[in-house]
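Survey of secondary and tertiary structure
Each chain, written out:
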Amino acid sequence: MQRIIARRLRLRDAFVVLALVVATAAAACGGDTETVVQTVIVDREVPGADVVQTVVVDREVPGDTIVQTVVVDREVPGDTVVQTVVVQATSAPVQQSGTLKAGVGSITPGVFLPSKLLWPVNLDKVAWGIADPITYHPNLAPGLGDPTSEALAVSWTVASDGGSVVFKLRQGVQFHNGWGELTADDVVYTFDDALFADGTLAKIAEQGVWMDRWEKIDDYTVRMTTKPGESLIPLWARNLSNNSQIGGIWSKKVFDDLGADGAANTPVGTGPFMVEKWTANEQVILKAQESHFRQTPSIKGVEIREIPEEATRIAAFRAGEVDIIPVSLRFLPSVLGSTGAHAVETNAPTRQVVWYGGNHWVKTDLLTGDAVPPRTAFQPDDDHPWIGDPDNTANHERAAKVRKAMSMAIDRETINAAILGGLAQVGPNTWYNFAPSDPEYKPEWNDEFTFDPDAAKALLTEAGFPNGFDIDFFVTPDIPTVVNPQVGEAIAQMWNDHLGIDVNIDSTAYSAKRPSLVDRSFAGAYIWTYGSPGVDEPQHYNQRPITGGWNPGVEIDCVDQTWFDIRAELDSGARRAANADAQQCLHDLRWNTIIAKLPIFAAVAKNVDWEPTTLPGVAVGDFERVTIR
C-alpha cells in the first residue's frame, strides 16, 4: 500500500507548486511504501488552471501526520512549476492479532446484488466493512463538497447548476478474492442496477429519487446526473455515504461472470473485511484484509453470532463468549457493573415514534404529477377512528382528537424510568428536531409530551368513543436497535388502562410485515424509530408516495409539499422556516407522536477498544476501529 504524507507550506499570492517526493526501496521484510510530499500551495487559483482537491487524510501514521493538500493538475506556462524527486522509504506493516466476537439480535440474509439491497439487508454491508461507499462521513458530516480520505471518491466537482457531479475515484482499490481493481465500470453498474433494474428493491432507490443515470468518463472518473427538472439535494453527499443506505459499491465483473443470481450470493466488496461465511439467522465470519486505504484492521477477524433474546445475549457477554453486544438502556447499568465493561455510543440518538397508520392523505405525486392510486389502508370509518379524511372536515377533526387522546394517555416519564433506565430524553424535541433554543420553536409544541389521562379520556369521549375501540399495534420483536418491544407493550397497556382501547399487539417479524407497509395496506398503529436530522434538512421519511418503497403507514400532504419545495433549496433559513410550518401541521394533526429520544449503546469488554463512527440501524460495525488488548 502507498501512503501520502504531506507537509504543507503556503505562499500567499504565489503561483508556484513545488512538490518534493521522497521514497526509498521497501525493506526485504515487506512493509507499506510511504511517499513523503512537501508541497507549497498557492492561495488562489492560477487563471485557466484546473484546481482539484486530493485525498484528505485526518488521522496519523506513527511518526508522520497526514494532511490535506490542494494541487494544480496542469501547468500554466510561465506561472506554475512542478518538480518531483522520488526516493523510497519503509514503514512497518500493521500487526494483526485476535478475533473479535460480537452478539447481535439478527443476521440478515447474505444478499450482495445492488437491486436486492432492501432495508435492513443493505445496512450491514458497509457497516461490517465488506463494501465501501463512494462518499464517507462520520455522524457530523463535513461541509457540502468536502471529500474525506475514507471514501472511494477522492474528489468531486459539482456543476454550477447543481445538475451533475463528477467524481474522481481512488486508484488501486482491489475487490476481494482476486476480482480485480475497482473502476468507474463498477460504480456505474452498482447504481444502474440499484436504481433502474426491473423490480429493484434497493433502499437507495427510495432515497435517491433525484438521481438519474451514472456514466463513465474514464476508468477513474464518473458523472452522476440528476433527473430532468431536479437538482442536487443539499445533503446529497451524505445520501451516498456510510451514513445513509447505499449498501456499498459492488463488482461488475462478478455480475458479468456469474449472472444476477450468482452476484446476489457472492460477497465481493472492497472493504477492510472479507466474508468467509454468511449464514442468515446464525453466523457471519469475516477475515481482515492485510491493508486497506481507510484503515487497516488491527484484528485478524470477526465472528458475529445471532442471539435474538437480550437475556441470552447478556448471559453470553457476562460469560466472555462475546466481546460486544447491543444493550437496551434498561439493562445497561447492571451489565457494566457486573462485568467491568464499558459502554460505547454506536450512533446518534434516535427517537421512538408511534405512527397512526392508514392516514394516506396525498392525492398527487408532486414529482411525477400522477394521481396517487387508492390506498387499501385508507379506511376513515368508525372501525378505524384514528384515520381521518381530509375531504370530510368533521371526520378529519374527529380522527385528530382520537390521535391526540392516544398521545396524552402515554406516560413517557414512567416508560423512561421503568424501561429505559432514565437515560432517554422525554421532550421537548420535535419530529423536525426543533428545540427550545431554536428561534422557530413554539412552546405549544411541547404539549405533545403531556401525560393527562383524564383529559385524554374526555377528548376521546368528545370524539364519540367513550368506551374505546379495537386497534392492531405493530411492535416488531426482532430489531432491537430500532424498536424496544417493552416500550410498545407499555404503551398498549396505557391505552387500555386509560382509554379502554383493546390493543392487539402484532409481534410479526419485520421482514414478514414489511410487504403491508410497502403496498399501503397497513391500517394499525406502529412503533418505529426516526433519527435526529438537522432542522434545515429536507425530510419526509417516506411519508409521501414512493412506488414500491417502505412507508410508515401514512402519506401526509404538508410533509410532502414541504419536502418538495425545499429539496433543492440552498438557503438554510428558507429550509428552516418551511420545516417549522410543517412542524406546526404535525402538532395540529398528530399523525405520529414521539415517545422519547434514546441514545444507543453497546457494551464492550474491558480488553477491547472500539471507536465507531456511525452505524445507522446496525448494532455493531466499524470493526477496523477495534483493538483487542
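Residues numbered from 1 in each chain as written. Predicted model: local features only at pLDDT ≥ 70, side-chain atom pairs only at ≥ 80, totals over all residues. Heavy atoms only, no water.

Overall, the coordinates contain 24 salt bridges when judged by the stated rule. The partner of Asp124 in a salt bridge is Lys125, and the shortest N-O contact between them spans 2.7 Å. Among the ionic pairs, Lys253 bridges to Asp257, the shortest N-O distance being 3.0 Å. A residue pair is termed a helical-turn pair when its members lie 3 or 4 positions apart in one helix, as Lys253 and Asp257 do in helix α5 (residues 252-264) at four residues. Note on Lys253: relative accessible area 43%, which makes it partly exposed. Under the relative-accessibility criterion, Asp257 is labelled partly exposed at 46%. Here the salt bridges do not stand alone but share partners, grouping Asp132, Arg294 and Glu624 into one network. (Salt bridge = Lys/Arg side-chain N within 4 Å of Asp/Glu carboxyl O. Helix = DSSP H or I, 4+ residues; strand = E, 2+ residues; numbered from the N terminus. Buried < 20%, exposed > 50% of the residue type's maximum accessible area, 1.4 Å probe, protein only.)

A few words now on helix α8 (residues 393-408). Taking 1.5 Å of rise per residue, the 16 residues of α8 would be expected to cover 22 Å, and the 23 Å separating its terminal C-alpha atoms lies within 8% of that figure. For α8, the full list of buried residues reads Asn395, His396, Arg398, Ala399, Ala400, Val402, Arg403, Ala405, Met406, Ser407 and Met408. (Expected span 1.5 Å × (residues − 1).)

Hydrogen bonds between backbone groups are what pair the strands of a sheet, and the pairing can be parallel or antiparallel. Strand order in the open sheet made by the four strands is β10-β11-β13-β12, with antiparallel pairing throughout. Each having just a single partner strand, β10 (153-158) and β12 (211-218) make up the two edges of the open sheet. Each strand axis lies, on average, 20° off the axis of its neighbour in the sheet, ignoring direction. Of the pairings in the sheet, the one linking β12 to strand β13 (residues 221-226) comprises five bridges and is antiparallel in character. (Pairing = 2+ DSSP bridges. Axes fitted to C-alpha atoms, helices over the stretch in contact; angles between N-to-C directions.)

Glancing now at the state of the cysteines. Every disulfide links exactly two cysteines, by a covalent bond between their sulfur atoms. Summed over the entire model, instances satisfying the criterion amount to one disulfide. Here Cys558 pairs with Cys585 through a disulfide, and the sulfurs are 2.2 Å apart. Here the disulfide of Cys558 and Cys585 is left-handed, its torsion about the S-S bond being about -90°. In this pair, Cys558 sits in helix α13 (residues 557-566) while Cys585 sits in helix α14 (residues 572-589), placing the two residues 27 residues apart along the sequence. The buried category is assigned to Cys558, whose relative accessible area is 15%. (Disulfide = S-S within 2.5 Å.)

Okay, the packing of α13 against α14 next. Direction vectors running N to C along α13 and α14 enclose 175°, while the axes themselves pass 9 Å from each other. As the angle between them shows, α13 and α14 are arranged roughly antiparallel. Seen from α13, the contacting residues are Cys558, Thr562 and Ile566; seen from α14, they are Ala574, Arg575, Ala578, Asn579, Ala582 and Cys585. Tallied by class, residues from the contact of α13 with α14 come to six nonpolar, two polar and one charged. (Parallel < 35°, antiparallel > 145°, perpendicular 65-115°, else oblique. Contact = heavy atoms within 4.5 Å. Nonpolar A, V, L, I, M, F, W, Y, C, P; charged D, E, K, R; others polar.)

Turning next to unusual backbone geometry. The peptide bond linking Gly427 to Pro428 adopts the cis configuration, its omega dihedral lying at -5°. Mapped onto the elements, Pro428 comes out in the loop between α9 (412-418) and α10 (453-462). Within the chain, Asn177 stands out as a residue other than glycine whose phi angle is a positive 60°. The residue Asn177 is located in the loop between β11 (164-169) and α2 (184-196) in this model.

With that settled, consider α14. Relative to the 26 Å expected for 18 residues at 1.5 Å per residue, α14 spans 26 Å between its end C-alpha atoms, a close match to the ideal helical length. For α14, every residue scored as buried is listed here: Arg575, Ala578, Asn579, Ala580, Ala582, Gln583, Gln584, Cys585, Leu586, His587 and Leu589. Buried positions along α14 lie against α8, α13 and β24 (592-604). Downstream of α14 by a residue or two, Arg590 has a phi angle that is positive, lying close to 50°.

This part takes up the packing of aromatic side chains. Tallied over the full model, the rule gives 28 aromatic pairs. A centroid spacing of 5.5 Å and a plane angle of 25° characterise the contact between Phe474 and Tyr526, whose relative ring orientation is stacked. Within this pair, whereas Phe474 is found in strand β20 (residues 470-474), its partner Tyr526 is found in strand β22 (residues 525-530), the two being separated by 52 residues in sequence. Pair check on accessibility: Phe474 and Tyr526 agree, each one buried. In textbook terms, an aromatic cluster arises when at least three aromatic residues are bridged by ring pairs, as seen for Trp355, Trp431, Tyr432, Phe474, Tyr510, Phe522, Tyr526, Trp528, Tyr530, Tyr541 and Trp550. A cation sits over an aromatic face here: Lys513 above Phe474, 5.7 Å from the ring centre. The positively charged end of Arg567 is found above the aromatic ring belonging to Phe564, 4.0 Å away from the centroid. (Phe/Tyr/Trp six-rings, centres within 6.5 Å; stacked < 30°, edge-to-face > 60°. Lys NZ or Arg CZ within 6 Å of the ring centre and 35° of its normal.)

On to the environment of Phe293, then. Mapping Phe293 onto the fold places it in the loop between β15 (283-288) and β16 (301-306). Between the alpha carbons of Phe293 and Thr270 there is a distance of 9.8 Å; along the sequence they are 23 residues apart.

Considering the arrangement of structural elements, one finds Arg351 in strand β18 (residues 342-356). Nearest to the buried, unbridged Arg351 among oppositely charged side chains is Glu448, at 8.1 Å. Polar side-chain contacts of Arg351 include one of 2.2 Å to the backbone oxygen of Thr430. (Lys, Arg positive; Asp, Glu negative; His and termini not counted. Polar contact = N/O pair within 3.5 Å; in protein donor to acceptor, adjacent residues only side chain to side chain.)

Right, let's get into the environment of Phe273. Counting through the fold element by element, Phe273 comes out in strand β14 (residues 273-279). For Phe273, a relative accessible area of 0% puts it in the buried group. Separated by 17 residues in the primary sequence, Phe273 and Glu290 place their C-alpha atoms 9.2 Å from one another.

Contact pair α2 / α5: the axes reach a minimum separation of 11 Å and the direction vectors enclose 25°. Of the possible angle classes, the one that applies to α2 and α5 is roughly parallel. For the pair α2 and α5, contact is made by Asp185, Asp186 and Tyr189 and by Lys252, Lys253, Phe255 and Ala263, respectively. For the contact of α2 with α5, the residue count by class is three nonpolar, no polar and four charged.

Taken together, Asp381, Asp383, Asp470, Asp472 and Asp502 make up a surface patch of like negative charges. Counting through the fold element by element, Asp381 comes out in the loop between β19 (359-360) and α8. Judged by relative accessible area, which is 30%, Asp381 ranks as partly exposed. (Patch = residues over 30% accessible without salt bridge, like charges linked within 9 Å, V, L, I, M, F, W, Y side chains within 5 Å. Areas by Shrake-Rupley, 256 points an atom, 1.4 Å probe, with all protein chains shown as cover. Charge placed at Lys NZ, Arg CZ, Asp CG, Glu CD.)

Moving on: the environment of Ser298. Considering the arrangement of structural elements, one finds Ser298 in the loop between β15 and β16. Once the C-alpha coordinates of Ser298 and Thr99 are considered, the two residues, 199 residues apart in sequence, prove to be 9.7 Å apart. When near neighbours in sequence (up to four residues on either side) are disregarded, Ser298 contacts Val94, Gln95, Gln96, Ser97, Val626 and Thr627. In terms of polar contacts, Ser298 uses its side chain to reach the backbone carbonyl oxygen of Val626, at 2.8 Å.

It is worth spelling out the confidence of the model for the protein chain at this point. The predicted model of the protein chain has a mean per-residue pLDDT of 82, with 83% of residues at 70 or higher. Between residues 1-91, whose pLDDT stays under 50, and residues either more than four places distant or in other chains, the model counts 174 contacts. (pLDDT = per-residue confidence, 0-100.)

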